[in-house]
Amino acid sequence: MRTSWADSVANSQSESGTTGSSNNNGSSHLPRSRYVPPHLRNRPPSSDPPAPSYSAPPPPGDRVGYGGPSAGPRWAGPSRPDYGRPGYSGGRTGSWNSRSGSWDRGREREVNPFGDDDGDAEDAFSGQENSGINFDAYEDIPVETSGDNVPPPVNTFAEIDLGEALNQNIRRCKYVKPTPVQRHAIPISLGGRDLMACAQTGSGKTAAFCFPIISGIMREQYVQRPRGARTVYPLALILSPTRELSCQIHEEARKFSYQTGVKVVVAYGGAPINQQLRELERGVDILVATPGRLVDLLERARVSLQMIRYLALDEADRMLDMGFEPQIRKIVEQMDMPPRGVRQTMLFSATFPKEIQRMASDFLANYIFLAVGRVGSSTDLIVQRVEFVLESDKRSHLMDLLHAQRENGIHGKQSLTLVFVETKKGADSLENWLCINGFPATTIHGDRTQQEREYALRSFKSGNTPILVATDVAARGLDIPHVAHVVNFDLPNDIDDYVHRIGRTGRAGKTGLATAFFNENNMSLARPLADLMQEANQEVPVWLTRYASRAYSGGGRNRRSGAGRFGGRDFRRDGSFNRGTDFYGGANSGGYGVPGGGYGPGVTSAWD
DNA sequence: AAAAAAT
């Protein structure tokens, strides 16, 4: 039987009579037997796994491991050299480090990230959060792996020795069983292997790279980090292309690391740097950042990458599209980060153009390639409609849609609708027009201040302004739960972008609707769109088929080399890219053309 | 061409 360190803390706290009461709302003590932990409140009585044995959880604000009495041995595991990889030997017991002692100054109460104590309107949807996941949709997802000695996937979280503290947070998140990307990626990462993967954000990708990092840091033998003047030394770095995405990863990572003692800090541009510096100074294990701000911090020598054990690059192709390659190379190769093979690296990308392949071969060592199909292959979950709408009719047409939606909605409440437009100016003007016409809308684009962007996102998520007009800043990666409808008011020029946009709905196994306004300005998209819809078993209007057959072949398609079909490819198999001894051809033959997994030639990026 | 990202 496993006795984890966290268990012993929980036991010792229950023995010492700690009452598990009090959220930050100052509610008075509840009798212990009646105590319902915040994350178990407001739930439907059935369908949940048996509640964890919870006689008296530690008070939410009190960091486990911060000098608690009889907290058990801080480290009982085998010792490793400083730069040792967190090898996975399975069945280890009692080796969980609390990270205590690292951030002595941070004795303030850790804010409960699961808060039913934040009291704002985001609660409109709480209680449904994650509980409506259609797990059947996850069953038949095609998954492909290749590489040396791929660790076998797991079927339950219980099979993975992540530690009790993390397990408790998994329960608090109401994750019942791992999603496909988690089933495969977590054992790979825990096995200390580098990973190149593609999968949707909504399918649990963030957890897939956060769990191994958090658990690895907790296992880490306590190593004194250098104490530079004002320099901090994170152990893990997560890079993502947009500020919102970084925030989102940070929020999730905070939930996963609650009461583990692992500190997560986010740094991104557009926000005052001083506050971020203060956060950093209070201690950081995992740093989530956008490239620009991180480079700034590195140049100021406020952050050192010397102690980095884990590096995760999210939406790598997106970062390259946005011209971040120089910054990323600077961060990974030209600062003080340990080289590949010493640190552990995870690279997530939707497509595999040459630049990504080069990046993979430069940043990863003997990695495992993992491709996870789209949840429900997008087919079952997103209903795609395309309508011919003249430029001049778009606004009134949108209005019709919104009216119909409002009437069909429950209690006349507008369900969340995300409207994509091409330009920042167009976004502002459409938002204004919607508001004038009685539809509360807000907008998100790169000309708005970060504060405005964050406010807009919050206001949208909470349902206060159930219509969000967005440019492509919101197209990829953002996981906004409960988006019922995505409207492509202006279609993008690239079918990949279309796929990403409609992927903002139908997430986490829920169904969604995507409507596109098509007109003569979108001719180049006719064929790829018709092909895509057909392959997704959607109804293709006859007029679109006609345009498609007329359209000059190849127009508007993504012709990036290296991209193609299900999950892209592990290019190491091509033989064309072999370089040095890290590469090997043709392990694990077969696997392409997994049934139901593809969008056909030239159409990629079903992944986030 | 537009969008994004450090000040």
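What counts, and at which threshold
- Residues numbered from 1 in each chain as written.
- Chains lettered and ligands numbered in written order.
- Predicted model: local features only at pLDDT ≥ 70, side-chain atom pairs only at ≥ 80, totals over all residues.
- Heavy atoms only, no water.
- UniProt positions renumbered as here; feature names shortened; annotations may be inferred.
- Helix = DSSP H or I, 4+ residues; strand = E, 2+ residues; numbered from the N terminus.
- Buried < 20%, exposed > 50% of the residue type's maximum accessible area, 1.4 Å probe, protein only.
- Areas by Shrake-Rupley, 256 points an atom, 1.4 Å probe, with all protein chains shown as cover.
- Salt bridge = Lys/Arg side-chain N within 4 Å of Asp/Glu carboxyl O.

- An unreviewed UniProt entry annotates chain A as RNA helicase of Ziziphus jujuba var. spinosa.
- Looking at chain A in UniProt, the text filed under Sequence similarities (unreviewed entry) is "Belongs to the DEAD box helicase family. DDX3/DED1 subfamily."
- Checking UniProt for chain A, the heading Catalytic activity (unreviewed entry) contains the comment "ATP + H2O = ADP + phosphate + H(+)".

Quick word on the overall build of chain A
Then step 1. Across its full length, chain A carries 17 helices and 14 strands.
Then step 2. Within chain A, buried positions represent 58% of all 608 residues.
Then step 3. Element-wise, carbon and sulfur atoms account for 49% of the exposed surface of chain A, whose accessible area totals about 24,100 Å².

Let's talk about the pattern of salt bridges
Then step 1. Taken as a whole and assessed by the stated rule, the structure comprises 21 salt bridges.
Then step 2. Glutamate 387 is paired through a salt bridge with arginine 385; the nearest N and O atoms lie 3.8 Å apart.
Then step 3. Put simply, aspartate 490 and lysine 394 hold a salt bridge, and the shortest N to O gap is 2.9 Å. Here aspartate 490, found in the loop between strand E13 (483-488) and helix H15 (495-502), pairs with lysine 394, found in helix H12 (residues 394-408); they are 96 residues apart in sequence, far enough to count as distant. With respect to class, aspartate 490 is no different from lysine 394; both count as buried.

Considerations on unusual backbone geometry
Then step 1. Positive phi outside glycine occurs at lysine 174, with the angle close to 65 degrees.
Then step 2. Assignment of secondary structure puts lysine 174 in the loop between helix H3 (164-172) and helix H4 (180-190).
Then step 3. A residue is classified by how much of its surface remains accessible, and lysine 174, at 17% relative accessible area, is buried.
Then step 4. Positive phi values are uncommon outside glycine, yet glutamate 315 reaches one of about 50 degrees.
Then step 5. Note on placement: glutamate 315 falls in the loop between strand E6 (310-313) and helix H9 (316-321).

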